[in-house]
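Listed here are the chains, written in short residue letters.
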Amino acid sequence: MANDQKNSESFPAKEDHKKDDAAAPAEVDHKDEFSASQPHPVENIVLVGRTGNGKSATGNSIVRSKVFKSKTKSSGVTMECHAVKAVTPEGPILNVIDTPGLFDLSVSAEFIGKEIVKCLTLADGGLHAVLLVLSVRTRISQEEEMVLSTLQVLFGSKIVDYLIVVFTGGDVLEDDGMTLEDYLGDNMPDFLKRVLILCGQRMILFDNKTKDDEKKTKQVHELLKLIDLVRKQNNNIPYTDEMYHMIKEENERHKKEQEELESKGYSEEQLAALMKELQIMNERNLKAMAEMMEKNMKIAMEAQEKLFEQREKAQEMSYQQKLEMQEKLKQMEGRMRAEMEAQMLSRQQCNIL
């Protein structure tokens, strides 16, 4: 697992790079806003959602610095998970993990599998909160539904216990003289109703364009209160799953073997060659885990597409037929999720090394 969190107390905000990244970690000085003089626990916060909903902008608002860049496939910038740490005025160090493109329907299952492994590697210690980022500027789409279904399939149904819904576009509602409650109103999409019920109505409105420092501080403070609520409701236990433990065990094994080699007095040339062999083995094992996640993603996508097709057919039916179809869809979704979780569990129990 990523080891650079050990020194996270020494800076207010730092970009977390993988060990093979060439760029040096970027530090951001918040002066008196954050203080890292005392040790504090690290809380892993993962941003998920459709590309364009404002995940990166929300991450920048949380860490109070423009360290996350909006990434799109057409921009030529690599879309990959990365993390930035920041010490908050309330104390905890937030390890904010952005996931650009992770739940984009247009990307391949292979890409998603690799990125999930990387995301879990960056989340050393488990997930403390998952922020589902939606935008008041756009309508709820199939991609949003795919995000929730994918989260539950890949991480298990209990992941919703750590979910917080963040609505971006607070400036738009303010210009229209509306509150978040006004926006949601009585015509809330069924998907959104279901999400808010599942996550215990934990939601917040963010204005990522505001220049008002007081407003910036207040909205982050309100988010921290929701994160604290998630922590308390889960008895201070971060979320982990079987895949997380497999990745953790593999990285700990790799680190231990590196330390053993360094202690045996090999020449510089011998040590370099042996270290290279260890690195190849580690990458091969992590790749096997990513391939496992890729298979899981394909199962999830196929199941979700079937549900979308059934819903489209339901829209053309009479009222009574729709009620019957909705009940069948619920039963189908339950069966599919149970079957997928059973398949994934059986795969994860196999020895991939």
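As a starting point, this report considers the structure included with it. As the structure is a prediction and not an experimental result, all values here were calculated from the model.

Scanning all chains against the criterion turns up 2 aromatic pairs. Ring centres 5.5 Å apart and planes at 65 degrees place the aromatic pair Tyr162 and Tyr239 in the edge-to-face group. Residue Tyr162 is found in the loop between helix 3 (142–155) and strand 7 (163–168), and its partner Tyr239 is found in the loop between helix 7 (213–233) and helix 8 (242–262); the two are separated by 77 residues along the sequence. Take Tyr162 and Tyr239: they sit in the same class, and that class is buried. Where Phe167 meets Tyr183, the ring centres are 6.5 Å apart and the plane angle is 70 degrees; that geometry is what we call edge-to-face. Here Phe167, found in strand 7, pairs with Tyr183, found in helix 5 (residues 180–184); they are 16 residues apart in sequence, far enough to count as distant. What makes Phe167 buried here is its relative accessible area of 2%.

A separate point is the pattern of salt bridges. The full count for this structure, using the stated rule, is 11 salt bridges. Arg231 is the salt-bridge partner of Glu43, the closest N and O atoms lying 3.9 Å from each other. With a gap of 188 residues between them, Glu43 in strand 3 (residues 42–48) and Arg231 in helix 7 connect regions that are remote in the sequence. Its relative accessible area of 28% is what places Arg231 among the partly exposed residues. If you follow the salt bridges from partner to partner, you end up with Glu43, Asp228, Arg231 and Lys232 in one network.

Definitions and cut-offs
Residues numbered from 1 in each chain as written. Predicted model: local features only at pLDDT ≥ 70, side-chain atom pairs only at ≥ 80, totals over all residues. Heavy atoms only, no water. Phe/Tyr/Trp six-rings, centres within 6.5 Å; stacked < 30°, edge-to-face > 60°. Helix = DSSP H or I, 4+ residues; strand = E, 2+ residues; numbered from the N terminus. Buried < 20%, exposed > 50% of the residue type's maximum accessible area, 1.4 Å probe, protein only. Salt bridge = Lys/Arg side-chain N within 4 Å of Asp/Glu carboxyl O.

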